[in-house]
Amino acid sequence: MTRIVHQLSLNENHSPPLPGVRAALAGSLDSVHLTLDALSSGLEAELAAHLGVQPEQVVAGAGSGALLAQFMTAHAGPGDAVVHSWPSFEVYPLLISTSGARAIAVPAPDDRQDLAAVAAAVTPATTVVLLCNPNNPTGEVLGAPALRELLDALPPHVVLLVDEAYREFAEPGSIADALELAATDDRVAVVRTFSKSHGLLGARVGYLVGSRRVVDPLRPSTIFYRVPTPAQAAAVVALRAEDAMRAQCTQVAAERDRVRRGLLDLGFDVPPSGGNFLWVRLGERNDEFVAHLAEHGIAVRALAGGAGVRVSTGTREADDAVLDAAKQFPR
């Protein structure tokens, strides 16, 4: 008998491709052998119009991960420090160290980001403070007052970079909009991606927005992080499918909350999440829970040094399998 494996270790969007995306990808293949818009100027102009900013304030890149790497190379280097909270996206320390800078991880009590401690960790050597909102993997959502208070506490030489890869899955009124901060403070930059909300994970396309102060230093490296022609075509069409994208994200969030309620009913410690995933905390039994789910054909991951288990939101069938397996986990 074939065993079904539910892969929930990656934060994929299992919704169907947005309207027009398949046609855009197929139509781009006839010109895939040509250079065309090598630096994604057209996509950046589309994004600027959509966001209400100038094209010079937008940098398109091969996913938010590539843009984070570009940003660190441009704004940090040997002798510099980059402060971030922890637990957070597990690749942050690697991206920071690759630039030659030191990664300063600030522990988050009860997995909630301590922004006062983040500000206190800043020194003259600090060039960047990096936050993830909603935070991956804990799902915590930071509101506008919290981000403004942090920004006010930072010295003028420090840039605040906010990673909003999952913002479309959060309750709109609850999450800070870092673009609003960037509009009034040239120290703020925002990085977003089409991978999650727009379902273009395999296409690898994202964008970073900020003032010329924070954006211009990325331009020289853009040629090395180019967005492929098919990905540009898909992103333009997906950007225009705003209503369909929002509807899909709302459905994903509802399914995420359904699974959370089910896990809470079973006695699991699962904080609220604004991402397309849940953070399950079992202390010393995190790895045991991962192994238990694997025995039932479900792949999830223990993250942040084993601080918790991230369970991504999948299809209803996969999510039901998680709940069924969780019922059988000895408590």
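Notes on the structure in this doc start here. (Residues numbered from 1 in each chain as written. Predicted model: local features only at pLDDT ≥ 70, side-chain atom pairs only at ≥ 80, totals over all residues. Heavy atoms only, no water.)

### Considering the nonpolar core
Right, so step 1: In this structure, Val-129, Leu-150, Phe-194 and Leu-200 are the most contacted members of the largest nonpolar core, which totals 51 residues.
Right, so step 2: With 6 residues, the top contributor of residues to this core is helix H9 (residues 229-240).
Right, so step 3: Once residues within four sequence positions are removed from consideration, Phe-194 is found in contact with Leu-47, Gly-199, Leu-200, Val-205, Gly-206, Tyr-207, Ala-235, Ala-238 and Leu-239.
Right, so step 4: Grouped together as the second largest cluster of nonpolar side chains are 23 residues, Val-59, Leu-67, Leu-68 and Leu-218 included. (Core = buried A, V, L, I, M, F, W, Y, C linked by side-chain atoms within 4.5 Å. Buried < 20%, exposed > 50% of the residue type's maximum accessible area, 1.4 Å probe, protein only. Helix = DSSP H or I, 4+ residues; strand = E, 2+ residues; numbered from the N terminus. Contact = heavy atoms within 4.5 Å.)

### Thoughts on the state of the cysteines
Right, so step 1: For the coordinates displayed, the defined rule picks out 0 disulfides.
Right, so step 2: Cys-249 takes part in no disulfide bond, and the closest cysteine sulfur to it belongs to Cys-132, at a distance of 15 Å.
Right, so step 3: On the basis of relative accessibility, which here comes to 1%, the residue Cys-249 falls in the buried class. (Disulfide = S-S within 2.5 Å.)

### Side note on a nonpolar patch on the surface
Right, so step 1: Together, Leu-39, Ile-223 and Phe-224 line one region of the surface with nonpolar side chains, adding up to about 330 Å² of accessible area.
Right, so step 2: We classify Phe-224 as exposed; its relative accessible area is 68%. (Patch = residues over 30% accessible without salt bridge, like charges linked within 9 Å, V, L, I, M, F, W, Y side chains within 5 Å. Areas by Shrake-Rupley, 256 points an atom, 1.4 Å probe, with all protein chains shown as cover. Salt bridge = Lys/Arg side-chain N within 4 Å of Asp/Glu carboxyl O.)

### Examining the sheet that holds strand S12 (residues 308-312)
Right, so step 1: With antiparallel pairing, 3 strands are arranged side by side in an open sheet as S9-S12-S11. Two strands lie at the open edges of the sheet, namely strand S9 (277-280) and strand S11 (301-303), each paired on one side alone. Recorded for the sheet is a direction-independent mean angle of 35° between the axes of neighbouring strands.
Right, so step 2: With 4 bridges connecting them, S9 and S12 associate as antiparallel partners. Bridging from a neighbouring strand, Leu-278 pairs with Val-311 of S12. (Pairing = 2+ DSSP bridges. Axes fitted to C-alpha atoms, helices over the stretch in contact; angles between N-to-C directions.)

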